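Listed below, chain by chain, are the residues.
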Amino acid sequence: MSAHDRDDPRSGIAAELAAITAEGRLRQRPVIDSPCARTIVLVDGKRKRLINWAANDYLGASQELIVRNGAFRALRSYGAGSGSARLLAGGLRLHRQFEQRIAKFLGSQDALLTSTGFQANLAAVVAIAGDPQDAIVLDRLCHASTYDGARQAAGQLLRFRHNDPTDLELQLTRCASARRILVCIESVYSMDGDEAPITALAAVCRKHRALLLVDEAHALGVLGPGGRGLCAESGVRPDLIVGTCSKSFGSQGGFIAADQDIIELLVNRGRSFIFSTAPCPAAIGAAHAAVGWLRDHPDLPDALQTSIQELRRALRAQGWDVPEGRSAIIPIVVGDEHAALALAQRLRDLGHHCPAIRPPTVPAGSCRLRLSVSRAHTAADKRKLLKAMAVVRGEPSGQARMAEETA
Ligand SMILES: Cc1ncc(COP(=O)(O)O)c(C=O)c1O
């Protein structure tokens, strides 16, 4: 028997939770009693309607009639569930139609649908770097799903400094003898909203004959020609593009767009695809409709971009440290957990839902508010947010304006 006392198998759980709480890192599950849309009704003791700056529904697709009708049609045609994994009973025609539509939208030979974006990264990394002689080289700030894929994959895991082509090159020389090398980056990073120098990173990958995976979860629908992402904008064709239906496409599901041989390998080796039931018809009906909606309205991201720039500029004018950038994710770094929680609470009191982001999602000391701008936000929503932000900065003018409004 080890030094651990296992008479009570749960011993230590309460202490662990107390330690998480003392660090200001305890997470709970807020309940909302409304659609997760432009505004939400948060049930926190009492019900409170808040303007929602937390969702990733960048185009407001989840509430668009055409997208909702896509879900209804699929539900009517196919029922509630998909019944099985696709390699078992077979996939629905709708699953294949979605793959063909997203592949055409992104200009790739084929695509593979998974139940979430998280599963898409798992499937891709595990399948491509599945041999102990392989290497996976991640940008340090890659999403948890890419890290988890790299940990599950048999290949060796290396990391390079965020957005640094020189350090990527150094890491690639360290694994030069690998059978296959997979480099994973995001085009827009989920917690900082900054863009990767894709052209420079892709050139390093080419030079070292490494495969490149670009996760475009936060760029699709927001950046690039007609919302086709940063790879399309920069003319880079990575070996794999990972995307999700849960952000600009307003639904749920994930996908990998790539050449035929890569997709074939994923079908055969991507465990999170093989051993999981295919996504439900309503979700993919909605996502299918959302991709068609964006394809037919290539100017949808333009209005969003105007809104993003207005908010970034106005927040900077108030003195907040908001970086230059084009993504819909606006980080406001405030430091420690307690400061971030207090700021989020004050904003909630003023009618805004902007949750505090804390470790392990972001590195210690860089806790932040993460504002997520949607095309669905109105001019009045933005005005109210700016007034609240002025109040919490303690600016007398902000307080006066807020008082005027609530009077
Ligand atoms: C960069 C990135 N990749 C993948 C995912 C996972 O996508 P999903 O929510 O569809 O599982 C996320 C979602 O938070 C993300 O931010």
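If you're wondering where the values come from, they're calculated on a predicted model, not measured in any experiment.

Some points on the packing of aromatic side chains
Here is step 1 of the chain: Considering all chains together, one arrives at one aromatic pair under this definition.
Here is step 2 of the chain: In this structure, Arg393 packs its charged tip against the face of Trp320, placed 4.8 Å from the ring centre.

Some points on the sheet that holds strand E9 (residues 240-244)
Backbone hydrogen bonds hold the strands of a sheet together, and the pairing may be parallel or antiparallel.
Here is step 1 of the chain: Read across the open sheet, the seven strands follow the order E4-E10-E9-E8-E7-E5-E6; overall the sheet is mixed. For this open sheet the edge positions go to strand E4 (110-114) and strand E6 (156-160), each flanked by a neighbour on one side alone. The sheet shows a mean angle of 20° between the axes of neighbouring strands, taken without regard to direction.
Here is step 2 of the chain: Those strands touched by helix H3 (residues 93-106) are E4, E9 and strand E10 (254-258), and its axis lies near 130° from that of E4.

Quick word on the site of the ligand
Here is step 1 of the chain: Inspection of the region around the ligand gives 15 residues, with Gly117, Asp215, His218, Thr244 and Lys247 positioned closest.
Here is step 2 of the chain: Contacts to the ligand include Ser246, whose side-chain N or O atom sits 3.2 Å from an oxygen atom.
Here is step 3 of the chain: Between the ligand and Lys247, the relevant distance is 3.0 Å, taken from an oxygen atom to a side-chain nitrogen or oxygen of the residue.
Here is step 4 of the chain: Within the complex, the protein chains bury 83% of what would otherwise be the 390 Å² of accessible surface of the ligand.
Here is step 5 of the chain: Placement of the ligand is best described as lying within the largest pocket.
Here is step 6 of the chain: For the shell around the ligand, the element with the most residues is helix H4 (residues 117-128), which contributes three residues.

As for the pairing of strand E14 (residues 367-372)
Here is step 1 of the chain: For E14, a buried count of six out of six residues is recorded, marking the element as mostly surrounded by other parts of the structure.
Here is step 2 of the chain: Summarising the sheet, strand E11 (residues 329-335) and E14 pair through six bridges and their orientation is antiparallel. When the bridges of E14 are listed, Ile329 appears paired with Ser372.

Considering the environment of Arg209
Here is step 1 of the chain: Position of Arg209 relative to the elements: it lies in the loop between helix H7 (198-207) and strand E8 (211-215).
Here is step 2 of the chain: The class of Arg209 is exposed, set by a relative accessible area of 74%.
Here is step 3 of the chain: Placed 164 residues apart in sequence, Arg209 and Val373 show a C-alpha to C-alpha distance of 38 Å.

Focus: the side chain of Ser327
Here is step 1 of the chain: Turning to its location among the elements, Ser327 is positioned in the loop between helix H12 (300-317) and E11.
Here is step 2 of the chain: Within the structure, the side chain of Ser327 is placed 3.2 Å from the backbone nitrogen of Ile329, a separation counted as a polar contact.
Here is step 3 of the chain: When neighbours within four sequence positions are excluded, Ser327 is seen to be in contact with Val188, Gly193, Ile308 and Arg312.

Parameters and conventions
- Residues numbered from 1 in each chain as written.
- Predicted model: local features only at pLDDT ≥ 70, side-chain atom pairs only at ≥ 80, totals over all residues.
- Heavy atoms only, no water.
- Phe/Tyr/Trp six-rings, centres within 6.5 Å; stacked < 30°, edge-to-face > 60°.
- Lys NZ or Arg CZ within 6 Å of the ring centre and 35° of its normal.
- Pairing = 2+ DSSP bridges.
- Helix = DSSP H or I, 4+ residues; strand = E, 2+ residues; numbered from the N terminus.
- Axes fitted to C-alpha atoms, helices over the stretch in contact; angles between N-to-C directions.
- Contact = heavy atoms within 4.5 Å.
- Near = heavy atom within 4 Å.
- Polar contact = N/O pair within 3.5 Å; in protein donor to acceptor, adjacent residues only side chain to side chain.
- Areas by Shrake-Rupley, 256 points an atom, 1.4 Å probe, with all protein chains shown as cover.
- 1 Å grid on protein atoms, 1.4 Å probe; cavity = no way out; pocket = protein on both sides within 12 Å on 5 of 7 lines; lining within 4 Å.
- Sits in = over half its atoms within 2 Å of the grid points.
- Buried < 20%, exposed > 50% of the residue type's maximum accessible area, 1.4 Å probe, protein only.

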